[in-house]
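Chains, contacts and geometry: an overview
Read off the chains here:
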Amino acid sequence: MCGITGFFDFTKTSSELILEKMSNTLFHRGPDGGDTLLFNESNVQIGFGHRRLSIIDLSEHGKQPMQFENLTICYNGEIYNYQEIKAGTFSSWTSLHWWIRHRNDIACLFSMGRKLST
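In this numbering scheme, every chain counts its residues from 1 along its sequence in written order. Residue-level local features of this predicted model are given only where pLDDT is at least 70; pairs of side-chain atoms are given and counted only at 80 or more, and the full residue set underlies all totals for whole chains, interfaces and linings. Side-chain numbers come from the whole structure's heavy atoms, not from hydrogens or water.

Structural notes on the pairing of strand β2 (residues 34-40)
DSSP bridges decide pairing: two strands pair if at least two such bridges lie between them. Counting from the N terminus, the helices are DSSP H or I runs at least four residues long and the strands are E runs at least two residues long. As judged from the seven bridges shared by β2 and strand β3 (residues 45-51), these two strands associate in the antiparallel manner. In the sheet register, Asn40 faces β3, and the bridge partner there is Gln45. Taking the residues that link successive antiparallel strands as the turn, the β2-β3 hairpin has four residues.

Digging into the pattern of salt bridges
A pair is scored as a salt bridge if a Lys or Arg side-chain nitrogen falls within 4 Å of a carboxyl oxygen belonging to Asp or Glu. Following the criterion strictly, the structure yields one salt bridge and no others. A salt bridge links Asp35 to Lys63, with the shortest nitrogen-to-oxygen separation between them at 3.4 Å. Pair noted here: Asp35 is in strand β2 and Lys63 is in the loop between β3 and β4 (66-68), with a separation of 28 residues, a long-range link. Buried means the residue's accessible area, taken with a 1.4 Å probe over protein chains only, is under 20% of the maximum for its type, while exposed means over 50%, and partly exposed covers the values in between. On the basis of relative accessibility, which here comes to 29%, the residue Asp35 falls in the partly exposed class.

Looking at the sheet that holds strand β1 (residues 3-9)
Spatial strand order, β1-β3-β2: three strands in an open sheet with antiparallel pairing. Strands at the two margins of the open sheet, each flanked by one partner only, are β1 and β2. Ignoring strand direction, the axes of neighbouring strands in this sheet form an average angle of 5°. In this description, contact between two residues means that some pair of their heavy atoms is separated by no more than 4.5 Å. Working convention: axes come from line fits to C-alpha atoms, limited for helices to the stretch in contact. Angles between N-to-C directions cover 0 to 180 degrees. Of the strands in this sheet, β1, β2 and β3 are in contact with helix α1 (residues 16-24), which crosses β2 at around 145°.

Considerations on the side chain of Arg51
Along the chain, Arg51 falls in strand β3. Whenever two N or O atoms come within 3.5 Å, that pair is a polar contact, provided that in protein one can donate a hydrogen and the other can accept it, and provided that, for residues adjacent in sequence, both atoms are side-chain atoms. A distance of 3.1 Å separates a polar atom in the side chain of Arg51 from the backbone oxygen of Gly30. Filtering out sequence-adjacent residues up to four positions away, Arg51 remains in contact with Cys2, Gly3, Ser23, Asn24, Leu26, Phe27, Gly30, Pro31, Gly33 and Gly34.

Remarks on the packing of aromatic side chains
Aromatic rings from Phe, Tyr and Trp, with only the six-membered ring used for Trp, were paired whenever their centres fell within 6.5 Å, and each pair was classed as stacked if the ring planes differed by under 30 degrees, edge-to-face if by over 60, and tilted otherwise. The final tally for this structure, using the stated rule, is one aromatic pair. With a centroid separation of 6.2 Å and an interplanar angle of 90°, the aromatic rings of Phe39 and Phe48 are classed as edge-to-face.

Rendered as structure tokens:
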């Protein structure tokens, strides 16, 4: 299973280096890759770290944290029936080019979120 880490820092004293160190402590959970994402908002720093254990999608398209429009996800798990879910949500999803580039379970979560929010 993958490994995730992160923080909300209201003192705004964290750094990308701290986030990378946090993520790297989870290397044993995700030896297939990892990445971090740090947001510096006006009143808080938000950090996401992910270590990847590739199960179904072995490509780089499943790399996380993943962003689509104004959404960000850092997910630990596998949606084994994502093809079935995709079949029920894809017909109304307008960002076809994004889905084609990211044909995986995480992209399916974005499409579900878009459908549920409309």
